[in-house]
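# Chain and residue survey
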Amino acid sequence: MIVFDGVSKSFGAVRALDNFSLEVKEGMVYGLIGPNGAGKTTAMSILATLQLPDSGAASVGGLDVVRKAGEVRGIIGYMPDFFGVYDGLRAGEYLEFFAAAYHIPAEKRTNLANALLELVNLPDKGDVYVDSLSRGMKQRLALARCLVHDPKALILDEPASGLDPRARAEMKEIIRHLKKLNKTVLISSHILPELAETCDEVAFMDNGRLVACGTVAEITAASRGARQVRVEVLERAEELAGYLKSRPGVTEMFVDGTAVQFFLAGERAEQAGLLQEIISAGWSVVGFGEIKRNLEEAFMAVTGEEVESFGGN
Amino acid sequence: MAEINPVLSKELRLRFRTAKTAWLIALYLFVIGSFVLGFMYLNWRHNPEYFQPNLNQELFAVLSVAQLVLLAFVTPGLTAGAISGERERQTLDVLLTTRLSAGQIVWSKLASSSAFTTLLVIATLPLYSIVFIYGGISPWQVLGVFGFYLVTMFLFGCIGMACSTFFRKTGVSTVAAYGIAFVLSAGTGFLAVFLNELDRFYHNEMWPTASWPHGFVSGVIQFLQDINPVFVLMKILGVDGIETGVSFGLPYWGDYAVFYLVAGIILLCWSARMLSPRKRIYTD
């Protein structure tokens, strides 16, 4: 549904996108992850036909975003990271205005606006002036605005930024509902755990490049090509560490009380083999298991950045 | 029935929903009314017995010039924030991703501002009725003045729109629009008078300067007069401008209308082009 094929874009000396390629299949909720300046907003604005790529091609639903920009606008709903609303309009009027801008027939607009307000959980706000809505409500109204023309794909740039936990949970719920409606959603966010819960697949971006992509499970497990394993024994943990150092595929080890943590190259079979070796060598094993990394740790591992330098506006 | 452009409809709704608009109309009428009634008061102070009907043409001129000055202030100011205001409110990107073209957005913004300035001009009609009480002014003259206002407002509005598209900040855009409107309203007039003085100095019967391009300068003076709103308004009111003997094949008001309409359309097209993604600057 959404394809970037070797897209590059520069602003003066700054290379915002560098040979960026990505494919998002129909009906998928796809997360775009990266620090500020990674190129997420540029990628999204190219899809939204607001920017032209310097080279490469991008398309939505098979329509090239440069040559068929008008048609692309008809099948996408775009929510920028920072956006304003028309304060002098009521919420219902706001949606009806955008429905008119998408050439929806006049007689359908009022019902459509009411249905969309219902969808984003603002059913009683149709006659309320937009400027009196809370930030979370405005975000949801903006999401409803993206849906007025029943687009196939939604491009949501930081839709949860600045929202309180309750508003973020509501936004997440709406995105899940959109997936049920078979919408393709490309979403960027700094709040990685939320993306992990919401997205089918994620892509890591850094310095305008695609660094890694895949399902959350794949990406958290395979970000270093090795799995982190923790072995807890009754005694002689230091000695176990020395023993493990000599085993093939074992790296980055440290002892934590009676437990040893290390990275092990390979899949589950290698883990089972190693456990058998440890027991055969005479250690009393209390616990053995893989440590699941979260998306944030995986991102740091892939990009080699510190946690502190990532996130936040 | 054709539907009104959504941006135009929204702009009109927003403009006329606020009390600010009513206050602005009231202030406008108060200022123009002050000119007219002040003029009549001064006349009455000199001749308390009666109002001299022959002063009616002067009253009409005062009213018309006051209106032109006010429109020169109001029109560019209204349109100078049309696009930059959307940009500052962060609503422009969303608007540009709808099915509306950049041209439709620019045109409807101008139309909504023009609708308001036209309302201002129409609201002054009762003041013009004072002029008709004493006679001496033909209805055609009044219609001519109103047509002149519409053409002038169009270009001034387009200047504001072009500045609004080009400059990111409304403050800068407004200053630029007023600057260009001032050059057009006053600069061209001053330049025409200055060139005429030079022409009279270098091209006279006693000491004619052979190398002085009198024909070319006369053409420039005539052109500057023809595009200067004050000169043109004076001509409509029956006051002759600088005599050059040059004609561009159209009556003076034809030159004015053609220049203002063509320049306005060019500025509108340029504004629409500037709004398209090809020209926009956007940073991550």
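Residues numbered from 1 in each chain as written. Chains lettered and ligands numbered in written order. Predicted model: local features only at pLDDT ≥ 70, side-chain atom pairs only at ≥ 80, totals over all residues. Heavy atoms only, no water.

### Structural notes on the overall build of chain B
Along its length, chain B carries twelve helices and zero strands. What you see in chain B, going N to C, is helices and strands ordered as α-α-α-α-α-α-α-α-α-α-α-α. By principal-axis analysis of the C-alpha atoms, chain B measures approximately 70 × 60 × 35 Å. With 284 residues in all, chain B has 48% of them scored as buried. By sequence separation, contacts in chain B at least 24 residues apart represent 78% of the contacts at least 6 residues apart. (Helix = DSSP H or I, 4+ residues; strand = E, 2+ residues; numbered from the N terminus. Buried < 20%, exposed > 50% of the residue type's maximum accessible area, 1.4 Å probe, protein only. Contact = heavy atoms within 4.5 Å.)

### Some remarks on the side chain of Asp255 of chain B
Residues and elements named next belong to chain B. As for its position among the elements, Asp255 is in helix H12 (residues 252-275). Here Asp255 occupies a buried position and makes no salt bridge, while the nearest side chain of opposite charge, Lys235, is found at 7.9 Å. When sequence neighbours within four positions are dropped, the list of residues in contact with Asp255 reads Asp226, Phe248 and Leu250. (Lys, Arg positive; Asp, Glu negative; His and termini not counted. Salt bridge = Lys/Arg side-chain N within 4 Å of Asp/Glu carboxyl O.)

### Overview of the pattern of salt bridges
All names here are of chain A. Counted according to the given criterion, the structure contains 21 salt bridges over all chains. With a closest N to O distance of 3.8 Å, Asp54 and Lys9 form a salt bridge. Here the residue Asp54 occupies a position in the loop between helix H1 (40-47) and strand E4 (55-60), and Lys9 occupies one in strand E1 (residues 2-11), the gap between them amounting to 45 residues. For Asp256, the salt bridge goes to Arg230, with nearest N and O atoms at 3.3 Å. Here Asp256, found in strand E12 (residues 250-256), pairs with Arg230, found in strand E11 (residues 226-233); they are 26 residues apart in sequence, far enough to count as distant. The class for Arg230 is partly exposed, based on a relative accessible area of 28%.

### Looking at the sheet that holds strand E6 (residues 76-79) of chain A
Residue and element names in this part refer to chain A. Pairing in this open sheet of six strands is mixed, and the strands run E6-E7-E8-E3-E9-E10 from one edge to the other. Single-partner strands in this sheet number two, and they are E6 and strand E10 (209-215). Neighbouring strand axes in the sheet, compared pairwise and without regard to direction, differ in orientation by 15° on average. The pairing of E6 with strand E7 (residues 153-157) spans four bridges and is classified as parallel. Within E7, the position partnered with Gly77 by the bridge is Leu154. Where helix H5 (residues 135-146) meets the sheet, its contacts fall on E6 and E7, and the angle it forms with E6 comes to roughly 160°. (Pairing = 2+ DSSP bridges. Axes fitted to C-alpha atoms, helices over the stretch in contact; angles between N-to-C directions.)

### Observations regarding the state of the cysteines
Enumeration according to the criterion identifies zero disulfides over all chains in this entry. No disulfide involves Cys199 of chain A; its nearest neighbouring cysteine sulfur is the one of Cys213 of chain A, lying 13 Å away. By relative accessible area, Cys199 of chain A is classed as buried at 8%. Cys269 of chain B takes part in no disulfide bond, and the closest cysteine sulfur, belonging to Cys158 of chain B, lies 9.4 Å away. A relative accessible area of 49% means that Cys269 of chain B is categorised as partly exposed. (Disulfide = S-S within 2.5 Å.)

### Structural notes on the sheet that holds E4 of chain A
Residue and element names in this part refer to chain A. Taken in spatial order, the four strands make up an open sheet running E2-E1-E4-E5, and their pairing is antiparallel. Among the strands making up the open sheet, the edge pair consists of strand E2 (14-24) and strand E5 (63-64). Two strands pair when backbone bridges link them, and E1 and E4 are joined in this way by five bridges, in the antiparallel orientation. Residue pairing in the sheet places Ser8 in a bridge with Ser55 of E4. Most of the contacts of H1 go to E1, to which it runs at about 115°, and overall it touches E1, E2 and E4.

### Some thoughts on the domain arrangement of chain A
For chain A, the domain assignment lists domain 1 (2-220) and domain 2 (224-292). In this structure, domain 1 of chain A and domain 2 of chain A have C-alpha centres spaced 44 Å apart. (Domains from an automatic or database assignment.)

### Details of the packing of helix H3 (residues 56-79) of chain B against helix H6 (residues 102-123) of chain B
Residues and elements named next belong to chain B. Following both chains from N to C, one finds H3 and H6 inclined at 155°, their axes separated by 10 Å at the closest point. Overall, the two elements H3 and H6 adopt an arrangement that is roughly antiparallel. In the crossing of H3 with H6, the sense of the turn from one axis to the other is right-handed. Here Gln67, Leu71, Val74, Thr75, Leu78 and Thr79 of H3 come into contact with H6, specifically with Leu110, Ser113, Phe116, Thr117, Leu120 and Val121. Per-class residue counts for the contact of H3 with H6 are seven nonpolar, five polar and no charged. (Parallel < 35°, antiparallel > 145°, perpendicular 65-115°, else oblique. Left-handed = near helix turned anticlockwise from the far one by under 90°. Nonpolar A, V, L, I, M, F, W, Y, C, P; charged D, E, K, R; others polar.)

### Examining the side chain of Thr184 of chain A
Residues and elements named next belong to chain A. When you line up the elements, Thr184 lands in strand E8 (residues 184-188). At a separation of 2.9 Å, a polar atom in the side chain of Thr184 contacts the main-chain amide nitrogen of Gly27. Beyond its immediate chain neighbours, meaning those up to four positions away, Thr184 contacts Met1, Ile2, Val24, Lys25, Glu26, Gly27, Met28, Lys152, Ala153 and Leu154. (Polar contact = N/O pair within 3.5 Å; in protein donor to acceptor, adjacent residues only side chain to side chain.)

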